[in-house]
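Architecture at a glance
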2 protein chains.
Amino acid sequence: MTHIYLDAMGGDNAPNCTVEGAMEALRADKDLKITLGGPVSEIEPLLQDAGDVRDRIALDDAPEIITNHDAPVMAIRQKKNSAQVRGMLMVKEKQADAFVSAGSTGATLAGGMFRLGRIDGVERPALAPLLPNGKGFFCLIDCGANVDCLPQYLPQFGVMGEAYMRCVQGVEKPRVGLVNIGAEAEKGNALVKAAYPLMESAPFHFVGNIEGRDITADQADVIVCDGFSGNLIMKFMEGVAETLMGIIKSEIYADARGKIGGIIAKPAFRRVKKRMDYTEVGGAPLLGVKGVVIKAHGSSNGHAIASAIKQAALMARKGLVDAIESEIAKQLNQ
Amino acid sequence: MTHIYLDAMGGDNAPNCTVEGAMEALRADKDLKITLGGPVSEIEPLLQDAGDVRDRIALDDAPEIITNHDAPVMAIRQKKNSAQVRGMLMVKEKQADAFVSAGSTGATLAGGMFRLGRIDGVERPALAPLLPNGKGFFCLIDCGANVDCLPQYLPQFGVMGEAYMRCVQGVEKPRVGLVNIGAEAEKGNALVKAAYPLMESAPFHFVGNIEGRDITADQADVIVCDGFSGNLIMKFMEGVAETLMGIIKSEIYADARGKIGGIIAKPAFRRVKKRMDYTEVGGAPLLGVKGVVIKAHGSSNGHAIASAIKQAALMARKGLVDAIESEIAKQLNQ
């Protein structure tokens, strides 16, 4: 049975949505067990409707709460009775197979780094969400764990992202690209210029630079960049999609003809929304630490939490951590 | 009469589209004169239809062509009979009021820097296109002229972008924001962390950090970033919009109901396209050099060239270069 530790108090809509998400995930997967970490007195009352799945829910009393206002590293050091610290330690001691949180990104990173620990040879763990590109999904790595990068971090991000897409997402020979402002090898800022030759000699299928215009054009399965650029890309994508949908809505509602067309085409728009929906694909895995860690979106609803749990279980079952460990070892022995 | 020097051979569709664009601009504005720079033997035959505007078109024989394959600085130094070099010198000598090119971005930058020269006190000229945000347009600066930036460049980008939005675009008190991965002052990579306090004390209305999600949310009129991030943002915006429109199209065409709705709503979609269309707003001005310089999109059609010419004329008439000069002087004397 796969065992997920869920930070029950993490996220804008916790603990209601985290409990809801846990129940949805358990109902969909009979081979799953979930520990809810948080103040038991707050969580237990929410389990009244758990009924059929109640016996696969455990509670771990973690009365200390880490919020977005806490300094992450300090919080992970001091709040030993928080879900983040207790959950990471349970994963470390193999008592749980994965940790999921929709709470503070900084605390999840710090917990992964300092309580769980890095895989040997990994210089920097990185956040690697899946984003939609019209055909399917690509993995963007790093999305904010490392805002200032050294060139040698980037091929490691590539190795980790490649292992994820291959072992967990089933992409046979993932194409790995480097975010840049031009297609030619000599383009870019100091970081990507230095990283380019390292990407070329790394043990994956490097397809070269990917310009902004082509990030969502299905030219690569793994798109590598520093965490500042990655965070920008991830959030900007959400922003542009929202702005564009807003413009479309306002133009459709601008006259009667548009309104009629819009009503008729509504099911098509619903399908568009579903294809762009992050709640379907789960959260951002933190790759490079000694265990499966998923950072779910802060504004996750119950369904998004359930997706993140499902994703975490899949990563644990596919043995992603071992796969990354062996790929990094290969790279170091080259 | 405002006099624009147009690089007639610049862009994917030159010289047909450049000549077309020049004629469109001249027909729309009786107070305009255009010099077409390029090999006269190639351009002259295209002027047969010029008719009514022929007397406001001059030809400047510039037989040397700078392509995207030329090393920009070298080309600007050696190809003295190129439109880029001849045009920049004409602007410098006040024989023309502005220079417009849809050719090599690198050559336009190098020409602006080395043939026209920087405004006193400007450390780095920057590219500053207008991008749509649903409500109107914002100025993104820098979009690729400076891929590696020092913190002190960023408030100067703010000063230049602010002057542009105020003097040329008529925004009364432009809001200036800094691209970052979080709203708080202490967020970001080393560059933006160091730039933040400089932005706070700069002589413009600084509204703080702008996250990726909010770039198109009309939170600022001028959005400042390094040239790597800016180029990424500009091109990614185009890419995401294209991908999303592709998804919408495929879902609308997926069934008969969607198709009918799509046909009825077609005029609304046409208006959406127009609101997102860069060909309406012109090109990217290079701010900080001693003259008006516009880099138009490489794939410009005639109408986009005409828009860039119109924009260049407006910038010259509004005295943007003098405005930037006095703002930068103020900042230096603070």
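Residues numbered from 1 in each chain as written. Chains lettered and ligands numbered in written order. Predicted model: local features only at pLDDT ≥ 70, side-chain atom pairs only at ≥ 80, totals over all residues. Heavy atoms only, no water.

1. Concerning the overall build of chain A
Along the backbone of chain A there are twelve helices and twelve strands. Computed over its C-alpha atoms, the radius of gyration of chain A comes to 20 Å, within 12% of the 20 Å expected for a compact globule of 334 residues. The C-alpha extent of chain A, read off along each of the three principal axes, is 65 × 60 × 35 Å. A buried classification covers 57% of the 334 residues belonging to chain A. Charged side chains of chain A number 37 positive and 40 negative; the gap between the two group centres comes to 3 Å. (Helix = DSSP H or I, 4+ residues; strand = E, 2+ residues; numbered from the N terminus. Rg over C-alpha atoms; globule rule 2.2 N^0.38 Å. Buried < 20%, exposed > 50% of the residue type's maximum accessible area, 1.4 Å probe, protein only. Lys, Arg positive; Asp, Glu negative; His and termini not counted. Charge placed at Lys NZ, Arg CZ, Asp CG, Glu CD.)

2. Things to note about the interface of chain B and chain A
For interface size, the figure often reported is the accessible area lost on association. Contact with chain B, which involves 54 residues of that partner, is made by 54 residues of chain A. In total, about 5,000 Å² of surface goes out of reach between chain B and chain A, with carbon and sulfur atoms giving 69% of it. Run the count over chain B and chain A and you get ten salt bridges. Arg275(B) is paired through a salt bridge with Glu251(A); the nearest N and O atoms lie 2.8 Å apart. (Contact = heavy atoms within 4.5 Å. Buried area = accessible area lost by both parts, 1.4 Å probe. Salt bridge = Lys/Arg side-chain N within 4 Å of Asp/Glu carboxyl O.)

3. Some remarks on the sheet that holds strand β8 (residues 175-179) of chain B
Residue and element names in this part refer to chain B. With respect to topology, five strands assemble into an open sheet ordered β6-β7-β10-β8-β9, the strand pairing being mixed. Single-partner strands in this sheet number two, and they are β6 (130-132) and β9 (205-210). The sheet shows a mean angle of 30° between the axes of neighbouring strands, direction not considered. Pairing of β8 with β9, which is carried by four bridges, proceeds in the parallel orientation. The residue of β9 that forms the bridge with Arg 175 is His 205. (Pairing = 2+ DSSP bridges. Axes fitted to C-alpha atoms, helices over the stretch in contact; angles between N-to-C directions.)

4. As for the sheet that holds strand β3 (residues 57-61) of chain A
Residues and elements named next belong to chain A. What the seven strands build is an open sheet, ordered β3-β2-β1-β4-β12-β11-β5; its pairing is mixed. Two strands lie at the open edges of the sheet, namely β3 and β5 (126-127), each paired on one side alone. Where strand β1 (residues 2-7) and strand β4 (residues 98-101) come together, three bridges link them in parallel fashion. The residue bridging Ile 4 from the neighbouring strand is Ala 98, located in β4. Helix α5 (residues 105-116) contacts β4, β5, β11 (284-287) and β12 (292-295) of the sheet and is inclined by roughly 170° relative to β12.

5. Things to note about the nonpolar core
Counting residues in each nonpolar core, the largest one holds 66 residues, and the members touching the most others are Ile34(B), Leu36(B), Ile141(B) and Leu154(B). Per-element tally for this core: the top contributor is helix α6 (residues 153-168) of chain B, with nine residues. Those residues in contact with Leu36(B), other than ones at most four positions away along the chain, are Leu6(B), Ala8(B), Val19(B), Ala22(B), Ile43(B), Leu47(B), Ile57(B), Ala58(B), Leu59(B) and Asp60(B). Phe157(A), Tyr164(A), Ile181(A) and Phe206(A) belong to the second-largest nonpolar core, a separate cluster that totals 65 residues. (Core = buried A, V, L, I, M, F, W, Y, C linked by side-chain atoms within 4.5 Å.)

6. Digging into the relation of the copies chain B and chain A
One copy of the chain maps onto the second through a rotation about an axis and a displacement along it. The transform that puts chain B on chain A rotates by 180° and translates by 0.0 Å along the axis, for an RMSD of 0.0 Å. These values place the two chain copies in the arrangement generated by a two-fold rotation axis. Scanning chain B for the C-alpha nearest the rotation axis identifies Gly261(B), at a separation of 2.0 Å. (Least-squares fit on C-alpha atoms with pLDDT ≥ 70 in both.)

7. Notes on the pairing of β8(B)
Of all five residues in β8(B), four are buried, a share of seventy percent or more. Running through helix α7 (residues 190-200) of chain B, the crossover from β8(B) to the neighbouring parallel element β9(B) is right-handed. (Right-handed = clockwise from strand over helix to strand, strands pointing away.)

8. Quick notes on the side chain of Asp221(B)
All names here are of chain B. Mapped onto the fold, Asp 221 is located in the loop between β9 and β10 (222-224). Its relative accessible area of 9% is what places Asp 221 among the buried residues. Within the local environment of Asp 221, its side chain forms a polar contact with the backbone nitrogen of Arg 175, the two atoms lying 2.8 Å apart. (Polar contact = N/O pair within 3.5 Å; in protein donor to acceptor, adjacent residues only side chain to side chain.)

9. A closer look at the packing of aromatic side chains
Following the criterion strictly, the structure yields six aromatic pairs over all chains and no others. With a centroid separation of 5.3 Å and 70° between ring planes, the pair formed by Tyr196(A) and Phe206(A) is classed as edge-to-face. With Tyr196(A) in helix α7 (residues 190-200) and Phe206(A) in strand β9 (residues 205-210), this pair connects stretches of sequence that are ten residues apart. Tyr196(A) sits in the buried class, given a relative accessible area of 12%. Judged by its relative accessible area of 16%, Phe206(A) is buried. Relative to Phe269(B), the ring of Phe269(A) has its centre 6.3 Å away and its plane inclined at 10°; by these criteria the two rings are stacked. With one member in each of two chains, Phe269(A) in helix α10 (residues 266-275) and Phe269(B) in helix α10 (residues 266-275) form a pair that bridges those chains. The pair Phe269(A) / Phe269(B) is uniform in exposure class, with both members buried. (Phe/Tyr/Trp six-rings, centres within 6.5 Å; stacked < 30°, edge-to-face > 60°.)

10. Details of α7(A)
Within α7(A), burial applies to Leu191(A), Val192(A), Ala195(A), Tyr196(A) and Met199(A). Seen from one end, α7(A) has its buried residues packed into an arc of 135°, which puts them on one side. Looking at the packing, one finds that the buried side of α7(A) touches α6 (153-168), β8 (175-179), β9 and β10 (222-224) of chain A together with α8 (227-252) of chain B. (Arc of directions from axis to C-beta.)

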